[in-house]
Amino acid sequence: MTTPPSLRTAAELGRDLRAGELDAEELVDAARAAWAASEVGTEPVRAFLSTDWEATGKRAREIAGRLAGNDDPGPLAGLPVAVKDNLCTLDLPTTCGSRLLEGWRAPYEATVVRRLREAGAVVVGKTNLDEFGMGASTEHSAYGPTLNPVDRGRVPGGSSGGSAAAVAAGIVPFALGSDTGGSVRQPASFCGVVGIRPTWGAVSRYGLVAFASSLDQVGALGRTVGDAALLLRAVMGRDPRDATSSDHGVPDLGDALGRGVEGMTIGVPEECFGEGVDGRVRDACRAALRRLEAMGAEVREVSLPHLRFAVPAYAVLATAEASSNLARFDGARFGVRAPGAATLGEVYERTRALFGAEARRRIVLGTHVLSAGHQEDVHGRARAVRALVARDFRWAWASGVDALFTPTTPTPAFPLGSLTEPFGAFLSDVFTIPPSLAGLPATSLPVGEADGLPVGGQIVCDRWQEPKMVRIADALERALAAEAAS
Amino acid sequence: MSRPAAPAPDGFEPVIGLEVHVQLRTRTKLFCADRTEFGAPPNSQVCPVCLGLPGALPVLNRRAVDLALRAALGLGCTVHPESAFVRKHYFYPDLPRGYQVTQKGRPLATDGRLDLVSEEGEKPRRVGIRRVHLEEDAGRSLHDRLPGLSALDLNRAGIPLVEIVTEPDIASPAEARAFLLRLWQVLEYLGVSDCSMEEGSLRVDANVSLRQAGTEEEGTRTEVKNLNSFSGVERALAFEVERQAALLRAGGRVEPATLLWDAARGEARPLRAKEAARDYLWLDEPDLPPLALDAERISNARDDLPEMPDERAARLRKEHGLSEEHAAVLTGSRELADYFESVVHAGADPREAAGWVMGDLLAAVKAEGCAVDDFRVRPPDLAGLLALLAEGVVSRPGAKRVFARMAETGRPPAQIVAEEELAREEDDATLRGWVDESLAAHPAEAARWRAGEERLEGFFVGAVVRRSGGRADPGRVADLLRARRREG
């Protein structure tokens, strides 16, 4: 092979593996080499919290054997993949980036991980994240930050920073992450890769350690739209173990590639291009919109009037659910129990003192908004705002747009250590939060650069419109690639 | 029981409401596929879901919903086509997720009633049922199993419960007990629970206040918990009623409190105020969609309701001419009523069957400590025995002995009669022989008998029956005894 695997798409690698032109073990060797390269120097990327290259090699050999024997291991046969460390796996620990689950071995595996296995994928390791998914920079991991491979003085975004970095550093062609208010899309945008968040309920959450259940979804990151879609398709679909996962059939996302945007209408919310958006980000996004027009799409301005209330509503709703979901971490039945406790109260206090500062802030805020005196005023109001934001989107669809286009984030990747405001992370998610609140699918793809830093554009569609969303993102990606090549 | 309770001294009326938690008789838990068997080894019926492990999710057990629906309909409730689950948060090691999944603002059912059994001619006392909802049970903490440690058994975590909350319509501790007995009966008829307070499948908390007789003004309520038997409920409530009355009589005020009943000491002690004043941080459960019941499912459940105790008793009185009292005893539980009717359907005379079921069967079942459904003598066999009795193949005392042997061995009656030679003795000569032997064995009594002391007839009949090993028919023996006396 002339092009190193780190620069080839999963789709191409998959074809070569099946054709016998590429060996699964060689592919794992290449992944390992890329990983080793990313770890050296004064600023190692540190995308992974755990790897087991021997076991990975063994698995690759097994898949290679089956491919050679004409036994189809599945649509992802032999392809290396990374898994965010808040998804339960049997073979590697699941720490969620927290001291509370240091070394914890889940006794069961997440449905999406099982589906990866059944599709023949080769999991190479668990990636770093902000503790329990709470953060936008991966700086809140108890095990140290991950660096942005594009500029190692900057954050890779979060909370799926490790997964985004693993893809951006060419270690794996694609990775699973999780997205609550933007945790797949924002790191994708910061690292210059593609991130897809599906419709809420499209992918099973069984085995995804919950942060905010009504907002969490497993998402896919990849070098290209096609790769991310390939990964997503392999894990989508109703799961009897997740009562909120849906019966909508798995759409054939592969069909959506290469279809162009002729005749489609793209809505641009005026609220997403105003003050507060970095000029370079605005320029790159506007250029992307002109590309879409040139391809035959109609671009039209729309309004999401309640957008500016979305972040505060999210802050209330997500932290409330987080404080609930994290109540089980008390040292009594599993995970770490802080030593030296003499009473039950001490078991609780000493163990839960192991939460990092960001997690603690969110738990405290979440408990506060659920407390008896504030429930109605604060939490009740946030629920009402959520309904209004969802209605804004419905009105947009009703006005005839097929998709909305926004910058993924208002700025490119910020420097490490620069996010000092409490809850400052939420401001980076100002455009990713509204689709999350409404349960909508959204994709981020690289649309340009800001002085060498990747800029991401976000495409949002109505629920269950993943094929349409992938089609538009893929068309834009091809057009931008063609432009870059010329 | 049917009269509104007489006011306590000083004109105070107790106002009592009950919260009853009932374990539903499902094979598996409310949100996962673990078994629900009582008495399994600790932590052997657990999985990631009921252990509350990170990432695990609940999936609703359809059968639990069916049983809860049946309970709600059987209690005359309005069933809501859509209801929702919420999370109720508190920290305790046997509550794995740090929250319990239950129902609050949108429960499964509301506005039902339970009528207490009344004396003849009086209106039944009606207790309103405020709500019936579904929730999961917590695990158990054991503080005396391991020295210096508390042990957790999470087998019980996730077992389906219905919570049944009454209106404060109960007017006395005795009425509370009557309510619980009646509720037990209704739930047993519905087949929704094993309802065993010993096994913990039925638990009760009580709310008590006093008000001035004749006024509407509510007194301050206290809550009494840790009630483990029906009589314990009555005693605890009596204690608390008296405690409040004494306070009020002395000019004091009742403070709101949660009290734990200590059955051994016979007193209720307050929980620390901090424990009692909890903010549960209620949150709509995001992992479960709303519970939707379509009209067809509800109406099918209604059609499937079994005949309830009062209706069944009325029917038995009408069909078989039983007295009200006997009908009430026989319909005390569904399994007993089923047993009785099976015996009758197998051909036995209803009144004869009633006597045996209420007498010999219940005594034997009690002695064995088993359920009627598990008792060795099945209805067709009892019917067979009663047929032999009716045909005169066995005497009545003989039948009693055969029944006892049936209970021990499970063998059919005809076989026992044959193998153990319990058939009625038909030969008068043999009978006369036993009569003479008995008279000879008790000369003093015999003399008195001959002198005319009629009471001793029973004594000698009994003696002859015993001597015959149960084969002698008492009526025939009495005739022969008298004949012997006439002969001199």
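Residues numbered from 1 in each chain as written. Chains lettered and ligands numbered in written order. Predicted model: local features only at pLDDT ≥ 70, side-chain atom pairs only at ≥ 80, totals over all residues. Heavy atoms only, no water.

Description of the overall build of chain A
Looking only at helices and strands, chain A features 15 helices and eleven strands. By the compact-globule yardstick of 23 Å for 486 residues, chain A fits well, its C-alpha radius of gyration being 21 Å. Here chain A holds 486 residues, and the buried ones make up 62% of them. Intrachain contacts of chain A at a sequence separation of at least 6 include 74% that bridge at least 24 residues. Carbon and sulfur atoms form 50% of the exposed surface of chain A, whose accessible area is close to 16,900 Å². Distance from the positive charge centre (50 side chains) to the negative charge centre (58 side chains) of chain A: 4 Å. (Helix = DSSP H or I, 4+ residues; strand = E, 2+ residues; numbered from the N terminus. Rg over C-alpha atoms; globule rule 2.2 N^0.38 Å. Buried < 20%, exposed > 50% of the residue type's maximum accessible area, 1.4 Å probe, protein only. Contact = heavy atoms within 4.5 Å. Areas by Shrake-Rupley, 256 points an atom, 1.4 Å probe, with all protein chains shown as cover. Lys, Arg positive; Asp, Glu negative; His and termini not counted. Charge placed at Lys NZ, Arg CZ, Asp CG, Glu CD.)

Re the nonpolar core
Ranked by internal contacts, the top residues of the largest apolar core, which has 221 residues, are A:Phe132, A:Phe405, A:Val447, B:Leu18, B:Ile164 and B:Phe179. The biggest single contributor to this core is helix α9 (residues 310-325) of chain A, with ten residues. Not counting residues within four places of it along the chain, the set of residues in contact with B:Phe179 comprises B:Leu18, B:Leu114, B:Leu116, B:Val127, B:Ile129, B:Thr166 and B:Ile170. (Core = buried A, V, L, I, M, F, W, Y, C linked by side-chain atoms within 4.5 Å.)

Quick look at the interface of chain B and chain A
In this complex, chain B contributes 31 residues to the contact, which on the side of chain A involves 37 residues. Together chain B and chain A conceal approximately 2,600 Å² of surface at their shared face, both sides included; 63% is due to carbon and sulfur atoms. On the chain B side of the contact with chain A, B:Pro54, B:Leu57 and B:Phe91 bury the most area, a combined 24% of that side's loss. The tally of links between chain B and chain A comes to one salt bridge. (Buried area = accessible area lost by both parts, 1.4 Å probe. Salt bridge = Lys/Arg side-chain N within 4 Å of Asp/Glu carboxyl O.)

Focus: the packing of aromatic side chains
Within this structure, the stated rule accounts for 17 aromatic pairs over all chains. Linked through ring pairs, A:Trp104, A:Phe132, A:Phe329, A:Phe334 and A:Phe355 together constitute an aromatic cluster. We note B:Lys104 situated over the ring of B:Trp282; from NZ or CZ to the ring centre the distance is 5.0 Å. One residue, B:Arg485, lies across the ring of B:Trp449, its end atom 3.9 Å from the ring centre. (Phe/Tyr/Trp six-rings, centres within 6.5 Å; stacked < 30°, edge-to-face > 60°. Lys NZ or Arg CZ within 6 Å of the ring centre and 35° of its normal.)

With respect to helix α17 (residues 474-487) of chain B
Along an α-helix, a turn takes 3.6 residues, which lines up residues three or four apart on a common side. Its 14 residues place the ends of α17(B) 20 Å apart at the C-alpha level, agreeing with the 20 Å of an ideal helix rising 1.5 Å per residue. Each element contacted by the buried residues of α17(B) is listed here: α14 (428-441), α15 (443-451) and α16 (456-467) of chain B. (Expected span 1.5 Å × (residues − 1).)

Topic: the packing of helix α3 (residues 173-190) of chain B against helix α4 (residues 230-249) of chain B
All names here are of chain B. Between α3 and α4, whose axes approach to 8 Å, the crossing angle comes to 155°. It follows that α3 is roughly antiparallel to α4 by the angle criterion. As for the relative orientation of α3 and α4, their crossing is right-handed in sense. Contacts between α3 and α4 involve Pro173, Ala174, Ala176, Arg177, Leu180, Leu181 and Trp184 from the former and Phe230, Ser231, Val233, Glu234, Leu237, Ala238 and Val241 from the latter. Along the lines of polarity and charge, the residues of the contact of α3 with α4 split into eleven nonpolar, one polar and two charged. (Axes fitted to C-alpha atoms, helices over the stretch in contact; angles between N-to-C directions. Parallel < 35°, antiparallel > 145°, perpendicular 65-115°, else oblique. Left-handed = near helix turned anticlockwise from the far one by under 90°. Nonpolar A, V, L, I, M, F, W, Y, C, P; charged D, E, K, R; others polar.)

A few points about the sheet that holds strand β4 (residues 86-89) of chain B
The three strands are arranged β5-β4-β15 (chain B) in an open sheet whose pairing can be described as antiparallel. At either margin of the open sheet sits one strand with a lone partner, and together these are β5 (99-102) and β15 (283-284) of chain B. (Pairing = 2+ DSSP bridges.)

Section: the side chain of B:Glu188
Residues and elements named next belong to chain B. Locating Glu188 in the fold gives a position in helix α3. Among buried charged residues, Glu188 stands out as having no salt bridge; its nearest opposite-charge side chain is Arg334, 5.8 Å away. Only 3.3 Å separates the side chain of Glu188 from the backbone nitrogen of Glu335, close enough to count as a polar contact. The contacts of Glu188, once residues within four sequence positions are left out, are Ser333, Arg334 and Glu335. (Polar contact = N/O pair within 3.5 Å; in protein donor to acceptor, adjacent residues only side chain to side chain.)

A closer look at unusual backbone geometry
Phi is mostly negative for residues that are not glycine, and the peptide bonds are mostly trans. With an omega of 10°, the peptide bond running from A:Gly158 to A:Ser159 counts as cis. Its location among the elements puts A:Ser159 in the loop between β3 (122-127) and α5 (161-168). Backbone geometry places A:Asn70, a non-glycine residue, at a positive phi of 60°. Here A:Asn70 lies in the loop between α3 (53-68) and β2 (80-84). With relative accessibility at 76%, the residue A:Asn70 sits in the exposed group. For B:Leu281, which is not glycine, the phi torsion reads 50° and is therefore positive. Topologically, B:Leu281 is positioned in the loop between α5 (273-276) and β15. You can call B:Leu281 buried: its relative accessible area is 15%.

Brief notes about the pattern of salt bridges
Residues and elements named next belong to chain B. Considering all chains together, one arrives at 72 salt bridges over all chains under this definition. With its nearest N and O atoms 2.7 Å apart, the salt bridge here joins Arg126 to Asp115. Placement of Arg126 in strand β7 (residues 125-136) and of Asp115 in strand β6 (residues 109-116) is noted, with a sequence separation of eleven residues between them. Classification of Arg126 by relative accessible area gives partly exposed; the value is 47%. Lys225 is paired through a salt bridge with Asp205; the nearest N and O atoms lie 3.3 Å apart.

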